[in-house]
Amino acid sequence: MARLLANLALPKLSLAGWCLLLLLPALGSQLPALALPAWPALVLALGSRRLPARPWSAALRLGLLGLSLTLAGWQWGWLESPTLRLGLLLVLALKWAEAGRPGEYVLVAGGALVAGAIGLLQWGEGTGLALLLLQALLFLVVLDLASLAPGAAAPASASLPAAPPAWPLLRRNLGRLGLALPMTAVLFLFFPRIPGPLWDIGLSFGLPLSLSVEKSSQGLGVSTRLKPGQSQTQAGVRESQPVLVAEFEHWVPPTSLLYWRGPVYYDFDGQEWQLDPAYESQGRTIMRQGWSRIQEFTDTLRRKNQEVRYKIRLSPHERLWLYGLDLPASLTTESFVGPDWQVLSHRPVETEMSYELSSYLDWEGGGQLAEPVRQRALALPSEGNPRLRALGRKLAAAPDRTRLLRLALGPLSQGDYKLRDRFTFQAGPDALDHFWFDTREGNADLYAGTFVYLMRAAGVPARLVTGYRGGKLMALTDYVVVKRSHAHAWVEIWDEARGWQRVDPVDLIAPERFAGSAAKPRAAPQPAPAAPKPAAPSRQQQAPSPQAGQFQVQTLAPAPPPGAGWQWPDLSQLMGRWIFRLDGETQQALLGGQGGGLAWVWLLLLAALGSALVLAAGLGLGRWRELRRLPPPQRHWERLCRLLASRGLGPLPGECPRNYALRVGLARPLWAAPMAELASAYTDWRYAHGRDDAPARLQTAARRLYNLVMADTGPDRKNT
């Protein structure tokens, strides 16, 4: 195979040619993310290499860069992903066009490698990793050629060395890449990840959300059933995976006010909450019950203030929910407001989706509560949880709704109740009683669901709202990244005078959990909307850190059809799981094992064993290749010399074959004849070129001597 490749007529490329060969895949990888109008500017940038080396050429290139970025910023926005990508690619293309020194080509090659890695993330296929390895190989070739050049400090007019043949250059650097990969894998696995928003910043500026989303039975959709305490027992849920990225216009509200509305549950049978079956069938029943015109919906609100505008990039979750802030003030295309005030899509969200919305942060839900909805919001199981029922009857005697809420929520702020991400929950007919009065430890959805039960027992219509709260605010930007760890649940109760009201028990139990602050305005200074004081005390802190184990919305991954047989593994999923999504959280879980085990020891031993095997294979391959370069007679002679050396009869320095054969014959008479014939044939082959029969004689003598040495167990061995 190597000889076949060596015989191919591969063109000889200069350092500039190899650098261009690396730059072209980096440009091509941006096809899914870069709009068509950007490509003429890139073609002109590459073609500017034909310009003469004059001062006006540099000015022309700078003019092209400035004009292209100005048009891109005007068209897409100065900090939008297409503008940033175009700027990086234009700088690389223009630098290659004017490069003349080896150091400049190395700089372009390094930038092309980074640009290619970013671009390949747009391709949701397993071939991305193979293409990245190809770019790494070309990068090594550029470095190799640059090392042969006069040096980075040499003048641009200095002549570069003649380009070596392509195949030996590729083969040499392919070996280097192969030797580097094992250590790269070890360092990638064991080097500590530094917690920080680096990846989140990339998501904010356009990297696809699908890179951090792992396909599993705990996906980003919504389950039609929710058991109390279920979220904290789900295994394999990645809390660090992003759900959506929101970019606010001018002003980011405090994170405590960011309620991203999702599914709303009414029906509880004592064991689990269930959604309306219409959501599961994804039919048009929900659309007929909701509002297709936003004006018709907002007219039902009794108060609506603090309107904020924002853009959202949403991860696919196979359901209808378009997560938006409470409450929607506008709609995007092919969407409507559901009967429970969620923004819903006309079709399931199966791919990453971008849309613009506006919402009211200060509102009072109005309209009339339909009798069927009232009955659903008051329904309780026929039996179970007697202590909650008794407490509800006691609260029902309160003179007004304000007093009732104060009596119900008062104990939550006294410190007896704890917000826990991991806790013990015993399911059963009286499980909510045991939690509310005995253990008093749970997560957000368990507190919210139990409070809904208590309100219904007190005769107050209530419903359980799930979704996400808060988000990770990117410093110095208007971007908020919402992850699975921000999943949340809260309560809405009905008041005849004010309509639906939001009640969040977490604000009383753990007020520090959502004590966030807003970002500074990025655009021209203008007065921010007056935000109402949240239920929790305000503190000047960063955005809330990810909290593990809160309510997780999920969907089941489609099972393979029966009889499908063996299928090719999803390379993109494997690559995403073990490369793109191997963050600090996953690394700690992997190396620490469940319950603080010693998985890192086994991984370290496995890495050491794998490295040793790779090293041994490399040494063996090198030795085999070295021996294969020798002619067959020489290999036979050296093989017998090594065998005799293992018996204590190795050749002496400067000893000729004839004297060596005599010494071996004196020490082992049984070996004298074949050894003499071997030495004679080797001498004839080496020095008497007219003896064409020497190789055949040498091979016969070597085989005979080898058999005698290996079978020798007689008394003659004592002579050694």
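Placed above this text is the structure.
Residues numbered from 1 in each chain as written. Predicted model: local features only at pLDDT ≥ 70, side-chain atom pairs only at ≥ 80, totals over all residues. Heavy atoms only, no water.

## Quick word on the overall build of the protein chain
Working step 1: Helix and strand counts for the protein chain stand at 25 helices and 17 strands.
Working step 2: Counting across all 720 residues of the protein chain, residues that qualify as buried make up 45%.
Working step 3: In the protein chain, the proportion of contacts linking residues at least 24 apart, taken out of those at least 6 apart, comes to 76%.
Working step 4: Summed over its atoms, the accessible surface of the protein chain is roughly 36,400 Å², and 61% of this surface lies on carbon and sulfur atoms. (Helix = DSSP H or I, 4+ residues; strand = E, 2+ residues; numbered from the N terminus. Buried < 20%, exposed > 50% of the residue type's maximum accessible area, 1.4 Å probe, protein only. Contact = heavy atoms within 4.5 Å. Areas by Shrake-Rupley, 256 points an atom, 1.4 Å probe, with all protein chains shown as cover.)

## Side note on unusual backbone geometry
Working step 1: Following Asp326, the chain continues into Leu327 via a peptide bond in cis, with omega recorded as -15 degrees.
Working step 2: Of note in the backbone geometry, Glu318 takes a positive phi value of approximately 65 degrees without being a glycine.
Working step 3: Relative to the assigned elements, Glu318 resides in the loop between strand E6 (303–314) and strand E7 (324–325).
Working step 4: Since its relative accessible area comes to 38%, Glu318 is described here as partly exposed.

## Some points on the environment of Leu380
Working step 1: With respect to the helices, strands and loops of the structure, Leu380 is situated in the loop between helix H13 (371–378) and helix H14 (386–395).
Working step 2: By relative accessible area, Leu380 is classed as partly exposed at 26%.
Working step 3: As a C-alpha pair, Leu380 and Val452 span 72 residues in sequence and 10.0 Å in three-dimensional space.

## Some details on helix H22 (residues 632–646)
One turn of an α-helix holds 3.6 residues; hence residues three or four places apart share an orientation.
Working step 1: Compared with an ideal rise of 1.5 Å per residue, which puts 15 residues at 21 Å, H22 spans 21 Å between its outermost C-alpha atoms and is within 8% of the ideal.
Working step 2: Looking only at H22, the buried set comprises Pro633, Gln634, Trp637, Leu640, Cys641, Leu643 and Leu644.
Working step 3: Contact partners of the buried residues in H22: helix H23 (657–667), helix H24 (672–687) and helix H25 (694–711).
Working step 4: One or two steps after H22, the chain reaches Gly648, where phi turns positive at roughly 85 degrees. (Expected span 1.5 Å × (residues − 1).)

## Some points on the nonpolar core
Soluble globular proteins: nonpolar side chains tend toward being buried together.
Working step 1: Of all hydrophobic cores here, the largest spans 71 residues; its most connected members are Leu244, Phe248, Trp260, Leu314, Trp436, Phe451 and Met455.
Working step 2: A total of 9 residues in this core trace back to one element, the largest contributor, which is helix H17 (residues 444–457).
Working step 3: Every residue in contact with Phe248, bar those within four places of it in the chain, is listed here: Pro253, Leu258, Trp260, Val308, Arg309, Tyr310, Leu325, Asp478 and Val480.
Working step 4: In terms of nonpolar packing, the next biggest core, distinct from the first, is built from 44 residues, Ala72, Ala97, Ala99 and Ala109 among them. (Core = buried A, V, L, I, M, F, W, Y, C linked by side-chain atoms within 4.5 Å.)

## Examining the packing of aromatic side chains
Working step 1: In this structure the tally under the stated criterion is 18 aromatic pairs.
Working step 2: Aromatic side chains Phe268 and Tyr453 sit 6.1 Å apart centroid to centroid with 90 degrees between the ring planes, which places their arrangement in the edge-to-face category. With a gap of 185 residues between them, Phe268 in strand E4 (residues 267–268) and Tyr453 in helix H17 connect regions that are remote in the sequence. Of the two residues, Phe268 and Tyr453, both sit in the buried class.
Working step 3: On the basis of an interplanar angle of 70 degrees and a centroid distance of 4.9 Å, the ring pair of Phe435 and Tyr447 is categorised as edge-to-face. (Phe/Tyr/Trp six-rings, centres within 6.5 Å; stacked < 30°, edge-to-face > 60°.)

## As for the pattern of salt bridges
Working step 1: Enumeration according to the criterion identifies 30 salt bridges in this entry.
Working step 2: For Arg387, the salt bridge goes to Asp438, with nearest N and O atoms at 3.0 Å. Remark: Asp438 occurs in helix H16 (residues 431–439) and Arg387 occurs in helix H14; sequence separation between them is 51 residues.
Working step 3: A residue is classified by how much of its surface remains accessible, and Arg387, at 38% relative accessible area, is partly exposed.
Working step 4: Judged by its relative accessible area of 40%, Asp438 falls in the partly exposed class.
Working step 5: Here the salt bridges share partners, and the residues they tie into one network are Arg261, Asp326, Asp340, Arg463, Glu492 and Arg502. (Salt bridge = Lys/Arg side-chain N within 4 Å of Asp/Glu carboxyl O.)

## Focus on the sheet that holds strand E1 (residues 225–226)
Working step 1: Pairing within the open sheet is antiparallel, and its 3 strands lie in the order E1-E5-E4. A strand with exactly one partner marks an edge of an open sheet, and here the two such strands are E1 and E4.
Working step 2: Of the strand pairs in this sheet, E1 and strand E5 (residues 273–274) are connected by 2 bridges, and their pairing is antiparallel. By the bridge assignment for E5, Arg225 is matched with Gln274. (Pairing = 2+ DSSP bridges.)

## Considerations on the sheet that holds E7
Working step 1: On the basis of which strands lie adjacent, the open sheet formed by 5 strands has the order E7-E3-E13-E16-E17 and antiparallel pairing. For this open sheet the edge positions go to E7 and strand E17 (499–503), each flanked by a neighbour on one side alone.
Working step 2: Direction of pairing for strand E16 (residues 487–495) relative to E17: antiparallel, over a ladder of 5 bridges. Counted as the bridge partner of Glu492 is Arg502 from E17.
Working step 3: Lying over the sheet, H17 contacts strand E3 (259–265), strand E13 (462–469), E16 and E17, oriented at roughly 15 degrees with respect to E16. (Axes fitted to C-alpha atoms, helices over the stretch in contact; angles between N-to-C directions.)

## Some points on the pairing of E6
Working step 1: Where strand E2 (residues 242–248) and E6 come together, 5 bridges link them in antiparallel fashion. Bridge pairing in E6 links Phe248 to Tyr310.
Working step 2: Here E6 pairs with strand E10 (residues 353–364) via 11 bridges, running antiparallel. Bridge pairing in E10 links Asn305 to Asp362.

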